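Topology and contacts: notes
Here is what each chain is made of, one letter per residue.
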Amino acid sequence: MLRLTVLLLVLANAGYYTWSHGLLAGYGFAPTSQTEPQRLAEQINPEAIRILSPAEALLIETPLPPASAALASKASECLQVGLFNEEQTVVLRARLVSLLPAGSWVLESAASPARWLVYMGKFSSADAVDKKKAELRGLGVTFDAPNNAALEPGLSLGSFKTQAEADTELARIAKKGVKTARVIQERAEQRGLKLKLPTVNAALRTQLDAIKPQLAGKAFQACS
C-alpha cells in the first residue's frame, strides 16, 4: 500500500511538471500564460518610451492658457507723441475727431526741457573740423555732431539738461587741454500739447497711419 502511494505521488509530480512547463500544450493541456509574449510583438517603437521627470509631468498636467487670453495680454498698449504747438494742435485735433473713436485719445499739456551744449564751432571748413577731431581724440575727449543744422559745421562735446551741468563738463575737459569750447543753449524750454492714446488695440493701431501727416514728423513712443 505504501509503495502504491509513493508511486502515485511520483506520477502526480511528473504530470504537474509536464503540464506546468507546457509540454502538453500540443494536446490542449497548458497553464494560462502570465507573460503574454505576443504583446511584445504588438508594441510600436518601444525604444521611444521614456519616464518623465516630476517637472516634465507637471508641465503636461498644467493646462496652457487659451490663445485668446495670451493675445489679450499683448493686445493693447499706451502710446504718446508730441509736443505740438498751438497751430499744429488745431489741425491734429480736427483729424483725430474725424478719424478716431471718441475716448480713445487725449491731448495733454506737456513741456520739453531746455538743453545745453558744450560746443566747438562754427569751423571754417570740413578740413578744420577733421583737424579738431584729431586733436580731441589725442586729448581723450569724446565728441559728436550737433543735433542742430544751425550749429554746423561744429562739434558737440556733450548735451545737458541744465547750464550748471554743462559748465561742470566744460571745466573738466578744460583741464585736459580743451581751450576753445563754450557752453551754449541748444534749445529753450518748449511747452505745448502731446497726444496720448491710453489703450491702443489692434483695431485702433490700423487707424494711426491716417493721422501721420498731422504728426509733423514725430513718431509714437511708449507712454512714460
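1. Structural notes on the overall build of the protein chain
- From N to C terminus, the protein chain includes eight helices and seven strands.
- Buried residues in the protein chain amount to 24% of all 224 residues.
- The long-range share in the protein chain, meaning contacts at least 24 apart out of those at least 6 apart in sequence, stands at 78%.
- Accessible area for the protein chain stands at about 16,100 Å²; split by element, carbon and sulfur atoms hold 59% of it.

2. Let's talk about the sheet that holds strand S1 (residues 77-84)
- The strand order across the open sheet built from four strands is S2-S6-S1-S7, with neighbouring strands paired in antiparallel fashion. Single-partner strands in this sheet number two, and they are strand S2 (106-112) and strand S7 (221-222).
- Across the sheet, helix H5 (residues 86-99) is in contact with S1, S2 and strand S6 (190-200); its angle to S1 comes to roughly 140 degrees.

3. Here's the deal with the confidence of the model for the protein chain
- In this model, the protein chain carries a mean pLDDT of 83, and residues with pLDDT of at least 70 account for 68%.
- Across the protein chain, the element-wise mean pLDDT spans from 46 in helix H4 (residues 67-72) up to 97 in helix H7 (residues 163-174).
- pLDDT under 50 marks residues 67-73. Its contacts with residues more than four places away, or in other chains, come to zero contacts.

4. Topic: helix H6 (residues 126-139)
- Helix length check: H6 (14 residues) gives 20 Å between terminal C-alpha atoms against 20 Å at 1.5 Å per residue, within 8%.
- When H6 is considered as a whole, its buried residues turn out to be Val129, Lys132 and Leu136. Seen end-on, H6 carries its buried residues on one side only, within an arc spanning 65 degrees. Summarising the geometry of H6, the exposed residues directed more than 90 degrees from the buried face are Asp127, Lys131, Arg137 and Gly138.
- The secondary structure elements touched by the buried residues of H6 are strand S3 (115-121) and strand S4 (154-160).
- Taken from the residues just after H6, Gly140 is the one with a positive phi, measuring 75 degrees.

5. Focus on the nonpolar core
- Ranked by internal contacts, the top residues of the largest apolar core, which has 16 residues, are Leu92, Leu96, Leu100, Trp105, Leu195, Leu197 and Leu208.
- Of all the secondary structure elements, the ones that give two or more residues to this core are S1, H5 and S6.
- Broken down by element, this core gets its largest block of residues, four residues, from S6.
- Ignoring any residue separated from it by four or fewer positions in sequence, one finds Leu92 in contact with Phe84, Leu107, Leu195, Gln214 and Leu215.
- Trp116, Phe123, Leu157 and Ala181 belong to the second largest nonpolar core, which has 15 residues in total.

6. Side note on the sheet that holds S3
- Pairing within the open sheet is antiparallel, and its three strands lie in the order S4-S3-S5. Looking at which strands have only one partner, the edges of the open sheet turn out to be S4 and strand S5 (182-187). Averaged over neighbouring strand pairs, the angle between their axes works out to 40 degrees when direction is ignored.
- Note that S3 and S5 share five bridges and pair antiparallel.

Cut-offs used in this document
- Residues numbered from 1 in each chain as written.
- Predicted model: local features only at pLDDT ≥ 70, side-chain atom pairs only at ≥ 80, totals over all residues.
- Heavy atoms only, no water.
- Helix = DSSP H or I, 4+ residues; strand = E, 2+ residues; numbered from the N terminus.
- Buried < 20%, exposed > 50% of the residue type's maximum accessible area, 1.4 Å probe, protein only.
- Contact = heavy atoms within 4.5 Å.
- Areas by Shrake-Rupley, 256 points an atom, 1.4 Å probe, with all protein chains shown as cover.
- Pairing = 2+ DSSP bridges.
- Axes fitted to C-alpha atoms, helices over the stretch in contact; angles between N-to-C directions.
- pLDDT = per-residue confidence, 0-100.
- Expected span 1.5 Å × (residues − 1).
- Arc of directions from axis to C-beta.
- Core = buried A, V, L, I, M, F, W, Y, C linked by side-chain atoms within 4.5 Å.

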